[in-house]
Amino acid sequence: MVRATKGVLVQCDASIKAIILKIDAGNSDFIIEELDDETLLVKENKLKELQMLLKKQLDDTLKYPEESDSD
């Protein structure tokens, strides 16, 4: 029996795709198919959760300059 899954096309640069693949590597719960170097098909019902995890990963990775009072 054929099963259909609703998906959302996600286009991003290669570095963001690598982070998404890393997030999905644990349980393969988000990605339906890798289409090319910059495009993924992601499960529609998991998109919000993936966005939250990606934002958290980016926030943890990026370092923001500290504000100083030396002005």
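In what follows, the accompanying structure is described. Within any chain, residue numbers begin from 1 and follow the written order of that chain's sequence. Local features are withheld for residues below a pLDDT of 70 in this predicted model, meaning they are given only at 70 or higher, and side-chain atom pairs are given and counted only at 80 or more; totals for whole chains, interfaces and linings count all residues. For the side-chain quantities, the full set of heavy atoms in the structure was used; hydrogens and water were omitted.

**Regarding the side chain of aspartate 24**
Now for step 1: As for its placement among the helices and strands, aspartate 24 is situated in helix α1 (residues 14-25).
Now for step 2: The classification of residues rests on relative accessible area computed with a 1.4 Å probe and restricted to protein chains. Under 20% of the type maximum is buried, over 50% is exposed, and intermediate values are partly exposed. The charged-residue count follows a simple rule in which Lys and Arg add positive charge and Asp and Glu add negative charge, with His and chain termini not counted at all. Here a salt bridge means any side-chain nitrogen of Lys or Arg lying within 4 Å of a carboxyl oxygen belonging to Asp or Glu. Although aspartate 24 is buried, it forms no salt bridge, and the closest oppositely charged side chain is lysine 43 at an N-O distance of 7.0 Å.
Now for step 3: Apart from the residues within four sequence positions on either side, aspartate 24 is in contact with Asp29, Phe30 and Ile31. Each helix corresponds to a stretch of at least 4 residues labelled H or I by DSSP, and each strand to a stretch of at least 2 residues labelled E; elements are numbered beginning at the N terminus. Note on contacts: a residue pair is in contact if any heavy atoms of the two residues lie within 4.5 Å.

**Considerations on the nonpolar core**
Now for step 1: We define a nonpolar core as any set of buried Ala, Val, Leu, Ile, Met, Phe, Trp, Tyr and Cys residues linked to one another through side-chain atoms lying within 4.5 Å. Val10, Cys12, Ile20, Ile23, Phe30, Ile31, Leu40, Val42, Leu50 and Leu54 together form the largest nonpolar core, which totals ten residues.
Now for step 2: When residues of this core are traced back to their parent elements, those giving at least two are α1, β3 (39-43) and α2 (47-61).
Now for step 3: Ignoring anything within four residues of it in the chain, the contact list for leucine 40 reads Val8, Leu9, Val10, Lys17, Ile20, Leu21, Ile31, Glu33 and Glu34.

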